[in-house]
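# Inside the fold
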Amino acid sequence: MTTYIAFLRAVNVGGRTVKMERLRALFAELGLSRVRSYIQSGNVFFDSEETDRAALTARIEEHLEAALGYAVPAMLRTVAEVEELVAAEPFAGIEVTPELRLCVVYLSEPLPADYTFPVVDPKGDWEIVGATPGAAYVVMHLRGGRLGGNPATAFPKSYRGSGTSRFFHTTVKILAAAQKD
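Residues numbered from 1 in each chain as written. Predicted model: local features only at pLDDT ≥ 70, side-chain atom pairs only at ≥ 80, totals over all residues. Heavy atoms only, no water.

Looking only at helices and strands, the protein has four helices and ten strands in total. Going from the N terminus to the C terminus, the protein shows its helices and strands as β-α-β-β-α-β-α-β-β-β-β-β-β-α. A globule of 181 residues ought to have a C-alpha radius of gyration of about 16 Å, and the protein, at 16 Å, matches this closely. C-alpha extents for the protein along the principal axes are approximately 45 × 35 × 35 Å. Sequence-distant contacts, at least 24 apart, represent 66% of the contacts inside the protein between residues at least 6 apart. Of the roughly 9,500 Å² of accessible surface on the protein, 52% is carried by carbon and sulfur atoms. Within the protein, the 21 negative side-chain charges are centred at a point lying 8 Å from the centre of the 19 positive side-chain charges. (Helix = DSSP H or I, 4+ residues; strand = E, 2+ residues; numbered from the N terminus. Rg over C-alpha atoms; globule rule 2.2 N^0.38 Å. Contact = heavy atoms within 4.5 Å. Areas by Shrake-Rupley, 256 points an atom, 1.4 Å probe, with all protein chains shown as cover. Lys, Arg positive; Asp, Glu negative; His and termini not counted. Charge placed at Lys NZ, Arg CZ, Asp CG, Glu CD.)

Put into structure tokens, the structure is as follows:
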């Protein structure tokens, strides 16, 4: 049995609202066990015996789209993978200030191998400081207390995957919640 964390895109943004109780029920309808959620932004953890992650992801995405009426990309990670991400300290050496936010963009597909870092937004709103096959690490700069542009626009046009972002401190909290029995 594996505990997965589903980082969902397009949940409770842009007028697309779904209560976490309903979202948990949709996951349970798929036969997934110990379904839990953390905050209202589409973070669901559950246990499954499924070892084919691509098949499990497809089942979840198809079920959510059929039930909600719109596509909900899902980036599945095991608890162990998120533990490794946090332990790797992808933002080591970056001083957090009130004008900075550290974000993890969970990716459905790795970025192209020839993609070089850092990638800096011409306006200075964000900087992609690195990536692993499953995530890109982004430093966001606030302007007047607001986040600027979307770092996903920096991914090359050839990138056909999708992604969803979480603040790094939120990732740590999601992991802690998923680790609870």
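From this point on, the discussion continues.
Turning our attention to helix α4 (residues 168-179). Residues spaced three or four apart along an α-helix point in a common direction, a consequence of the helix completing one turn every 3.6 residues. With twelve residues, α4 ought to run about 16 Å at 1.5 Å a step, and its terminal C-alpha atoms sit 17 Å apart, in line with that. Along α4, the residues classified as buried are Phe168, Thr170, Thr171, Ile174, Leu175, Ala177 and Ala178. Contacts made by the buried residues of α4 are with β1 (2-8), β2 (33-38), β3 (43-48), α3 (79-87), β5 (100-107) and β10 (163-167). (Expected span 1.5 Å × (residues − 1). Buried < 20%, exposed > 50% of the residue type's maximum accessible area, 1.4 Å probe, protein only.)

Right, let's talk about the sheet that holds strand β4 (residues 74-78) for a bit. Taken in spatial order, the four strands make up an open sheet running β2-β3-β1-β4, and their pairing is antiparallel. Each edge of the sheet is formed by a strand with only one pairing partner; in this case those strands are β2 and β4. Neighbour to neighbour, the strand axes of the sheet diverge by 25° on average, direction disregarded. Along the sheet, helix α2 (residues 53-68) makes contact with β1, β3 and β4, crossing β4 at roughly 140°. (Pairing = 2+ DSSP bridges. Axes fitted to C-alpha atoms, helices over the stretch in contact; angles between N-to-C directions.)

The geometry of helix α1 (residues 20-29) relative to α2 is characterised by a closest axis approach of 10 Å and an angle of 130° between their N-to-C directions. Between α1 and α2, the angle is such that the two are oblique. Viewed along their axes, α1 and α2 form a crossing whose handedness is right-handed. Here Arg22, Leu23, Leu26, Phe27 and Glu29 of α1 come into contact with α2, specifically with Ile60, His63, Leu64, Ala67 and Leu68. The residue inventory of the contact of α1 with α2, partitioned by class, reads seven nonpolar, one polar and two charged. (Parallel < 35°, antiparallel > 145°, perpendicular 65-115°, else oblique. Left-handed = near helix turned anticlockwise from the far one by under 90°. Nonpolar A, V, L, I, M, F, W, Y, C, P; charged D, E, K, R; others polar.)

What follows covers the packing of aromatic side chains. Considering all chains together, one arrives at six aromatic pairs under this definition. Here the aromatic rings of phenylalanine 27 and phenylalanine 46 are separated by 5.5 Å at their centres, their planes lie at 45°, and the arrangement is tilted. One end of the pair, phenylalanine 27, is in helix α1; the other, phenylalanine 46, is in strand β3, with 19 residues separating them in the sequence. The pair phenylalanine 27 / phenylalanine 46 is uniform in exposure class, with both members buried. Both rings, one in phenylalanine 91 and one in phenylalanine 168, keep their centres 5.4 Å apart while their planes meet at 70°; by these two values the pair is edge-to-face. You can see phenylalanine 91 sitting in the loop between α3 and β5 and its partner phenylalanine 168 sitting in helix α4, a full 77 residues away along the chain. Residue classification places phenylalanine 168 among the buried residues on the basis of a relative accessible area of 17%. An aromatic cluster of at least three residues, connected via ring pairs, comprises Tyr4, Phe27 and Phe46. (Phe/Tyr/Trp six-rings, centres within 6.5 Å; stacked < 30°, edge-to-face > 60°.)

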